[in-house]
Amino acid sequence: MTTTITPRVRNLVLLLLAVTGMLFAGAGTASAHAALTGSDPTSGVVVDKAPTQISLTFSEKVSTNNDSLRVLDPKGKRVDVGKPSNISGTTYAIQVRSGLPDGTYTVAWQVVSADSHPVAGAFTFSVGAPSKTTVSVSDQDVGGGLVGGLYGFGRYMSYAGFIVMVGGAAFILACWQRGAGVRALQRLVVSGWVALTAATLWLLLLRGSYTTTGKLGDVFDLNLVGQVLQTKTGAALVSRLLLLAAAALFIAVLFGAYDKREEEEKRDLTFGLAIGGGVVAAGLAASWALAEHASTGLQPGIAMPVDVVHLLAVATWLGGLSALLVSLYRAPADNQVGRTAVQNFSRIAFGSVLALVATGIYQSWRQLGSWSAFTDTGYGQLLLVKIGLVALLVGIASISRRWTARLADTGATTESAELAETAVEERAQEKEKAHASASSKTADSRATSAEVSASSATTSTEAGASTTTSAEDDSDVTASSSASAKGGDSEAPGGTKRAAQLARQQAAVDSTRQKRLRDADPIRFGLRRSVLAEAAVAVVVLAVTTALTTTEPGRTEEDAKAAKASSSSASSSSSAGALTLDMSFDTGGTDGKGVIRLDLDPARVGGNEMHVYVQRPNGRAFDVPEVKVAFTLAAKKIGPLPVTPDHITTGHWAATGIQIPMAGDWKISVTVRTSDIDQTTVDKNAQIG
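None of these values were measured; they are calculated from a predicted model.

Draft legend 1. Fine view of the packing of aromatic side chains. For the structure shown, the criterion picks out nine aromatic pairs. With centroids separated by 5.9 Å and ring planes inclined at 70°, the aromatic side chains of Phe 171 and Phe 345 adopt a geometry described as edge-to-face. Taken as a pair, Phe 171 in helix H2 (residues 145–174) and Phe 345 in helix H9 (residues 339–368) lie far apart in primary sequence, 174 residues in all. Residue Phe 345 is classed as buried on the basis of its relative accessible area, which comes to 6%. Geometrically, the ring pair formed by Trp 371 and Phe 374 is stacked, given 5.9 Å between the ring centres and 25° between the ring planes. A relative accessible area of 75% means that Trp 371 is categorised as exposed. Taking the relative accessible area as the measure of exposure, Phe 374 reaches 15% and is therefore buried.

Below is the structure:
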């Protein structure tokens, strides 16, 4: 008999899901993971001469399309021409029409960061003098709205499906092989597969609208779907669907051929399923690692394998926890999860927690970069919430381990309970046989009485009518016997039906008694309660984790703040006469990201003094093997004029006597080499003279 979840437990689960939904919905618009760290012209600047192109520098590489960068005049008409291009590193530019009239222009941008999240924004600059504009400069609602909410829900369901499917299957193979025949566990694992498959298809359809228009009507736009399939995220989603086909075969074998094997025959098949299932699970985890946070930024070659291990550890722990919870509440009375299975899961969960701690520390350092980012950035604050929830989860898990230890120490009690259950079953069977036998005897006695009555009636008839022939007597006897037989047959089915009904009632009573006997065990009851509490906290942890994946990492946020501060100081320096330029760079190697500040004084025709400062994203100076500068005046075909500054101190290079032959819009290029093979060149245009 299969037990059901009590209304109190069901209400608690529904409440937790509702709280999680509100928590998830409260996340609002997804934060971007690529940040704008610089632009030329800068935001709010007033230039004397109209630029020929607009360039934007981001904290990481981004994906662009024809409408990613737009330049609008004061009336809202586009003045950009051509397509956006990647001119160097993480800097992208769009050409504008020549001879722009004076006024305020708006630069609007919408791109997809390297970790798959859309990012958008806008700023203004003026030519000659500021003017009124009809264009709103507020940030575009990219990744938000109804489509953003639906996309976020799909991400949550994909994580949940992966955890339940992988963790449930791992629990069966590693902890409780007899659980392969439990219908509740089968439904749990299959529901995880269905949720992950449906969520992947859902994300594939929503992706195009999510990263571009944000309109629900564009979800089924085949052109957008085709564009998505050509991106890194689209390839990852398609790969996930192919791996899910292999996972379906694995599940079919697990609950088919594997379940029907004898215990001794399961050993070889268990090893094969573990290897095959592990490969499929790692591939599914890699579909996230290759397309999101781990694939970009610092040390991606290390971060991606670490992310795979992190996801597998989460699935093994939390997914196994959900399987244990279902086993404790929904397993049939004749196939209860034993203490050995609980002990096995306790050991595996402990190892998973260790893996989570190790990989989580590395990921935190990689995404934050400093202790201050824990409190100064939204990502750090969410991470603190997650750390607190995980600590609470580990604390509850320790309580579950105590219950598990006590469960192991009460083997005699468990055996006594099993013997009592066996005795109850035997009594039920004896009572069922007794009822059936009594019903049979009653039917026989009724048939015999009918025959005797018929015989007496026949004798009376013979005494009253002596002229009746022997043939008639035989006919009467035959008729009487037939009637008696019919009477006996009509009574026997009624008795058998009644006996079967009584047997079913007795079986229900015995099953209820068995359930009460099982629930009366205080050790098992306490274990179920602690595991339920773990599962409740795990649901919230998963919601916070999903929110973290859509939040700008602390390291990126701090880089953007430093770039904006540098831009502000550059503007103030420029107003004083000297020229100051700030350019972000990323050589792609270890410790390859930073900001270059170039000061040129007095920034006029003739001799000038130049200082170059190299800083980390957090503002600290650091040395690089080589820094070179070149000046080019393309309009007059002058240059490039190379300059090799001298190293003065940490992060500081300088050169004097730099001759600028004539005034104009000069392109200043700075080449930075951070290792023997990692090098990049960044440039900006500036008016000199």
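Draft legend 2. Representation of helix H3 (residues 183–211) in the model. The terminal C-alpha atoms of H3 lie 41 Å apart, and with 29 residues this matches the ideal 42 Å at 1.5 Å per residue to within 8%. For H3, the principal kink sits at Leu 205 and spans about 35°.

Draft legend 3. Representation of the sheet that holds strand S6 (residues 80–88). Spatial strand order, S1-S3-S7-S6: four strands in an open sheet with antiparallel pairing. Either end of the sheet is taken by a strand with one partner, and the two such strands are strand S1 (36–40) and S6. Between one strand axis and the next, the sheet turns through 20° on average, direction left out of account. Bridging between S6 and strand S7 (residues 91–96) involves five bridges; their strand directions are antiparallel. Looking across to S7, one finds that Asn 86 is bridged to Tyr 92.

Draft legend 4. Region of interest: the nonpolar core. Among the nonpolar cores identified, the biggest contains 72 residues, and Phe 162, Met 165, Leu 185 and Leu 254 are the most heavily contacted of them. Examining the composition of this core, we find that 14 residues originate from one element, helix H8 (residues 300–330), more than from any other. Contact partners of Leu 254, with chain neighbours within four places excluded, come to Ala 169, Ile 172, Leu 173, Ala 180, Asp 259 and Leu 273. Membership of the second largest hydrophobic core comes to 30 residues, among which are Ile 596, Met 610, Val 672 and Val 682.

Draft legend 5. Fine view of the environment of Asp 665. Positionally, Asp 665 belongs in strand S17 (residues 664–673). What makes Asp 665 partly exposed here is its relative accessible area of 34%. In this structure the C-alpha to C-alpha distance between Asp 665 and Lys 49, which are 616 residues apart in sequence, comes to 9.0 Å. In contact with Asp 665, not counting residues within four places along its chain, are Thr 632, Leu 633, Asn 685, Ala 686 and Gln 687.

Rules behind the numbers
- Residues numbered from 1 in each chain as written.
- Predicted model: local features only at pLDDT ≥ 70, side-chain atom pairs only at ≥ 80, totals over all residues.
- Heavy atoms only, no water.
- Phe/Tyr/Trp six-rings, centres within 6.5 Å; stacked < 30°, edge-to-face > 60°.
- Helix = DSSP H or I, 4+ residues; strand = E, 2+ residues; numbered from the N terminus.
- Buried < 20%, exposed > 50% of the residue type's maximum accessible area, 1.4 Å probe, protein only.
- Expected span 1.5 Å × (residues − 1).
- Bend = angle between axes of the 7 residues up to and from the residue.
- Pairing = 2+ DSSP bridges.
- Axes fitted to C-alpha atoms, helices over the stretch in contact; angles between N-to-C directions.
- Core = buried A, V, L, I, M, F, W, Y, C linked by side-chain atoms within 4.5 Å.
- Contact = heavy atoms within 4.5 Å.

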